[in-house]
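Summary of the model geometry
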Amino acid sequence: MELLDAHLVPVVDGVAFGLLLFVVAAGLSLAFGTAGVLNLSHGTLYAIGAYTGAELSDGTWGGLALGLAAGTAAACVAGAGLSAATAPLARRGHLAQALLTFGLALIGGDLLIQLFGADELPVHVPQALDSSVNLLGHRYPAYRLCFIVMAVLLAAFGTWVLTRTRMGAAVRAAADDPQMLAATGHSPRAVHTGVLAAAGALAGAAGVLGAPIIGPGPGTSETVLMLSLVVVVLGGLRSLWATFFAAVAVGEVQTLGVSVAPELAPYLLFAAMAAVLVLRSRFAEPAGSGAGHGSETSGPDPVARLRGRLAGRLRRRPGGTAEAPGAAGAPGTVSTPGEPSGVGPGPVSAGPLPGGYDVPAWFSRLPGRAAWWQAAPLLALLVVLIALPALLDAYSISLAGSALALGLLAVSVTILTGYAGLPTLGQTAPFAVGAYATANLADAGWTVGPVQIVLSALAAAVFAAVVGPAVIRARGTTVLMITLAVGELTGAVVNQLKSVTGGADGLVGFPATRALWGREEMLEESELYTYALVVAAVAVAVTLLVLRSPAGKLLTGTRGAEARMRASGHPVGRYLLVAHICAGALAGVGGSLMVTVQQYLSPADVGFEIAAFALLAVVIGGTTSVIGALLGAGLIVATRDWVAGSWPGHGPLLLGVLFVATVYVLPRGLAGLRSGGPGGGESGPPSGTKGAPGTPGAPRVSGGPRVSHDSDGSDSSGAEVQPPSVPAPTRAGKASP
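What this report covers is the structure whose coordinates are included nearby. A quick note: this is a predicted structure, and the numbers were derived from the prediction, not measured.

**Observations regarding the overall build of the protein chain**
- When helices and strands are counted, the protein chain shows 28 helices and four strands.
- Buried positions account for 49% of the 737 residues belonging to the protein chain.
- The contacts of the protein chain with a sequence gap of at least 6 include a subset with a gap of at least 24, amounting to 75%.
- Surface accessibility of the protein chain: about 33,300 Å² in total, with carbon and sulfur atoms responsible for 66%.

**Regarding the environment of alanine 461**
- Tracing the backbone through its elements, the reader meets alanine 461 in helix α18 (residues 449–471).
- Distance from alanine 461 to valine 433, taken between C-alpha atoms, is 9.3 Å for residues 28 residues apart in sequence.
- Those residues within four positions of alanine 461 in sequence are excluded, and the remaining contacts are Ile581, Gly584 and Ala585.

**Notes on unusual backbone geometry**
- Of note in the backbone geometry, glutamine 599 takes a positive phi value of approximately 65° without being a glycine.
- Relative to the assigned elements, glutamine 599 resides in the loop between α24 (572–598) and β4 (600–601).
- By relative accessible area, which is 22% here, glutamine 599 ends up partly exposed.

**A word on the pairing of strand β1 (residues 132–135)**
- With four bridges joining them, β1 and strand β2 (residues 138–141) adopt antiparallel strand pairing. The partner of valine 133 across the bridge, within β2, is tyrosine 140.
- Counting the residues in the hairpin turn of β1 and β2 gives two residues, including leucine 136, whose phi is positive at 50°.

**Here we look at helix α22 (residues 550–560)**
- In terms of burial, α22 is a largely internal element, eight of the eleven residues being buried.
- Buried within α22 are the following residues: Gly552, Leu554, Leu555, Thr556, Gly557, Thr558, Arg559 and Gly560.

**Digging into the packing of helix α5 (residues 93–116) against helix α27 (residues 651–665)**
- Their axes nearest at 7 Å, the elements α5 and α27 cross at an angle of 155°. It follows from the interaxial angle that α5 and α27 lie roughly antiparallel. The two elements α5 and α27 cross, and the hand of that crossing is left-handed. Between α5 and α27, the contacting residues are Ala96, Leu99, Leu100, Phe102, Gly103, Leu104, Leu106, Ile107 and Asp110 on the first element and Pro652, Leu653, Leu655, Gly656, Val657, Phe659, Val660, Val663 and Tyr664 on the second.
- Within the contact of α5 with α27, the residues separate by chemical class into 15 nonpolar, two polar and one charged.

**A word on the packing of aromatic side chains**
- The full count for this structure, using the stated rule, is eight aromatic pairs.
- Arranged with centres 5.4 Å apart and planes meeting at 90°, the rings of phenylalanine 244 and phenylalanine 245 form a pair that is edge-to-face.
- An aromatic cluster is present here, built from Phe22, Trp241, Phe244 and Phe245 joined pairwise through their rings.

**Overview of the side chain of threonine 490**
- Turning to its location among the elements, threonine 490 is positioned in helix α19 (residues 477–496).
- Its relative accessible area of 13% is what places threonine 490 among the buried residues.
- From its side chain, threonine 490 meets the backbone oxygen of valine 486 in a polar contact 2.8 Å long.
- With sequence-adjacent residues up to four places away left out, threonine 490 is seen in contact with Ala429, Ala432 and Phe463.

**So, the environment of leucine 19**
- Tracing the chain through its elements places leucine 19 in helix α2 (residues 8–33).
- For leucine 19, a relative accessible area of 1% corresponds to the buried category.
- Between the alpha carbons of leucine 19 and alanine 206 there is a distance of 9.6 Å; along the sequence they are 187 residues apart.
- Contact partners of leucine 19, with chain neighbours within four places excluded, come to Phe147, Ile148, Ala151, Val152, Phe244 and Val248.

**With respect to a nonpolar patch on the surface**
- A surface patch of nonpolar side chains, about 500 Å² in accessible area, is lined by Trp446, Leu455, Leu458, Val462 and Val466.
- By the secondary structure assignment, tryptophan 446 is in the loop between α17 (428–443) and α18.
- Residue tryptophan 446 is classed as partly exposed on the basis of its relative accessible area, which comes to 48%.

**Let's talk about the environment of alanine 54**
- Looking at the element boundaries, alanine 54 is found in helix α3 (residues 42–56).
- Spatially, the C-alpha atoms of alanine 54 and valine 123 are 4.9 Å apart, while their sequence positions differ by 69 residues.
- Setting aside anything within four residues of it in sequence, one finds alanine 54 in contact with Leu121, Pro122, Val123 and Pro216.

**Looking at the nonpolar core**
- Counting 161 residues, the largest nonpolar core has Met273, Met481, Leu593 and Ile636 as its most contacted members.
- When residues no more than four places from it in sequence are discounted, the contact partners of methionine 273 are Val230, Val233, Leu234, Met481, Leu484 and Ala485.
- The next biggest cluster of nonpolar side chains, apart from the first, holds eleven residues, and it includes Leu30, Val37, Ala170 and Val171.

**Section: the pattern of salt bridges**
- Counted by the stated rule, this structure contains four salt bridges.
- Arginine 475 is the salt-bridge partner of glutamate 562, the closest N and O atoms lying 2.8 Å from each other. Placement of the pair is glutamate 562 in helix α23 (residues 562–567) and arginine 475 in the loop between α18 and α19, with a sequence separation of 87 residues. Here glutamate 562 and arginine 475 have matching classes, each one buried.
- Note that arginine 640 and aspartate 641 form a salt bridge whose closest N and O atoms lie 3.1 Å from each other.
- By relative accessible area, which is 27% here, arginine 640 ends up partly exposed.
- Residue class for aspartate 641 comes out partly exposed when judged on its relative accessible area of 23%.
- Where salt bridges share partners, they join Arg475, Glu562 and Arg566 into one cluster.

**Some thoughts on the side chain of serine 41**
- With respect to the helices and strands, serine 41 occurs in the loop between α2 and α3.
- The class of serine 41 is buried, set by a relative accessible area of 7%.
- When residues no more than four places from it in sequence are discounted, the contact partners of serine 41 are Leu82, Thr101 and Ala105.

**Brief notes about helix α10 (residues 220–235)**
- Given a rise of 1.5 Å per residue, 16 residues ought to cover 22 Å, and the 22 Å separating the end C-alpha atoms of α10 matches this to within 8%.
- For α10, the tally of buried residues reaches 13 of 16 residues, placing the bulk of the element in the interior.
- Following α10 by one or two positions, glycine 236 has its phi on the positive side, about 80°.

Criteria and thresholds
Residues numbered from 1 in each chain as written. Predicted model: local features only at pLDDT ≥ 70, side-chain atom pairs only at ≥ 80, totals over all residues. Heavy atoms only, no water. Helix = DSSP H or I, 4+ residues; strand = E, 2+ residues; numbered from the N terminus. Buried < 20%, exposed > 50% of the residue type's maximum accessible area, 1.4 Å probe, protein only. Contact = heavy atoms within 4.5 Å. Areas by Shrake-Rupley, 256 points an atom, 1.4 Å probe, with all protein chains shown as cover. Pairing = 2+ DSSP bridges. Axes fitted to C-alpha atoms, helices over the stretch in contact; angles between N-to-C directions. Parallel < 35°, antiparallel > 145°, perpendicular 65-115°, else oblique. Left-handed = near helix turned anticlockwise from the far one by under 90°. Nonpolar A, V, L, I, M, F, W, Y, C, P; charged D, E, K, R; others polar. Phe/Tyr/Trp six-rings, centres within 6.5 Å; stacked < 30°, edge-to-face > 60°. Polar contact = N/O pair within 3.5 Å; in protein donor to acceptor, adjacent residues only side chain to side chain. Patch = residues over 30% accessible without salt bridge, like charges linked within 9 Å, V, L, I, M, F, W, Y side chains within 5 Å. Salt bridge = Lys/Arg side-chain N within 4 Å of Asp/Glu carboxyl O. Core = buried A, V, L, I, M, F, W, Y, C linked by side-chain atoms within 4.5 Å. Expected span 1.5 Å × (residues − 1).

Structure (structure tokens):
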């Protein structure tokens, strides 16, 4: 009894806080579960209501009613506008929606600050509610008790509307069978708009009524959004009452948990979110794994067929000599009369030149016109990066170094999102591991750059190996949510583990890095940039070699033909885990570079916003373009730190405009522009050059998607890719055909 008495107020506070989250999360669940929109600007809708209600509140019932009406209406209109903004993205999946709505959140947050100021606004409630009542011997605010009653009534009313009215039936039909809904004379588009408008109204009403609990101010929208996402994940999308109880549980963790176990409370929410998502993905079949051997009737498995072609090149002939790619009577080969094709004394000739001279075999293996055409953007980018120190001032050079670090993070996101099919919002977690590893190594006296790079990459790879099994089985939006939870958990660790990370203050004052053993510390911006460029160039080169190798083709196959890969016996999970570990190591290298260039480290450098920037960089460049990801990172850093410098205070607005413009104007990224834009022709060498299927200039394979290749040999169409891979060996030890 004494324990209950001591914690009674935090318990009731947790109920009030949780019910506030319920009202917000109900709108988010409605938008996602019914309209299919992953709305990362939902916290901004709450902020619209909160700012409006606070501005109109004057301590009277009339002011409260006016603020409630105005805030709800404003957020409702914003929700309807969101419906119009997301309608063109209906066929592009949740990733485009997430980026668009995050950009709108940045724009909306900046506009709210310009209108209402950067300080938290005071909220004046009616005098009758601005008092306390006796609750089991404790004084408790009357307003919060009133809010609890209103939230319970709202849950009951919402459940009745969705389950007992024709409007609710139309909403449920729009989610389950829009074609049937249209056949009954209802417009799915109108229902879609109404659902998002209602979701906005719920968020706005919650903002007005919840302003005395979570006041309007900087950071309010982000806090509300994250907590609402946790509630939606825990409660699911099928029942308002499940969302209700999940919200109460989250509220209790945020209030009672802080008072009972303050050291554990920061981790509980996102740990629970990740655990629920992982368990759901464990009980569900992986995407694409349901197709059996007999599901494909159009012909042989192209994965096995193309992989068999690679195996044929490596197969040895009876005489013990490796069979050349053009051997065995292949068209265009030259053989000596009287000897077996492909076998003869001396080097194989690539063909005669005029005058009777033979071309050595090594000459035919030199890069041709197609290869140089593909490498041209990479070479041009490298030339520009080398020339930057002679063209820019010291500050701009330091920004270029930061862009290279962010670029490596973006390339690691490209590996997961574009090649492995695992869209991620948590790649800042291994990025943070690499960054803090480098800072602590430098502080311990390990200042040699290569040592820092290797150890940071190793630490990030170990971290990725630990969390990888929780990520690789899920697909689609579930991956986004799991990686988001991993990133937020890492952020909580960063803030709590002050002995290693410095907490919210970050780390500064550690020794500078030395490029090599016996060299002086690098203090000049040009030296730091040159070091970052060399490391980034080596990392990108290794990444490109791996992605263009048979191992890279296998990885792409897990994204484009996972069912066939599983049916032919490939360990898809193992491929994805290796990709996750390698991407984590690359992100760790990026984090190490960031610390070396900046010479300081704070939690903001490894937070959710950086994860969103990395994902945006990938979309700007094209989801499978390594070079495009680097260019996208450079554009983001230039917008955030250089362009925004001429318009102080409006960096979020400019970045939000960049998000929105990218989603609409560059649906296939910069790589899509190079290949002719949407519906454009394939990129690559000039017309007339043809190659094998799946290579630049190759004719389209019947039955497969049209694929265009960017400068680093990746596809930029956004379609699923069916790459060449190697068939699983049979029991006799021979490759299956």
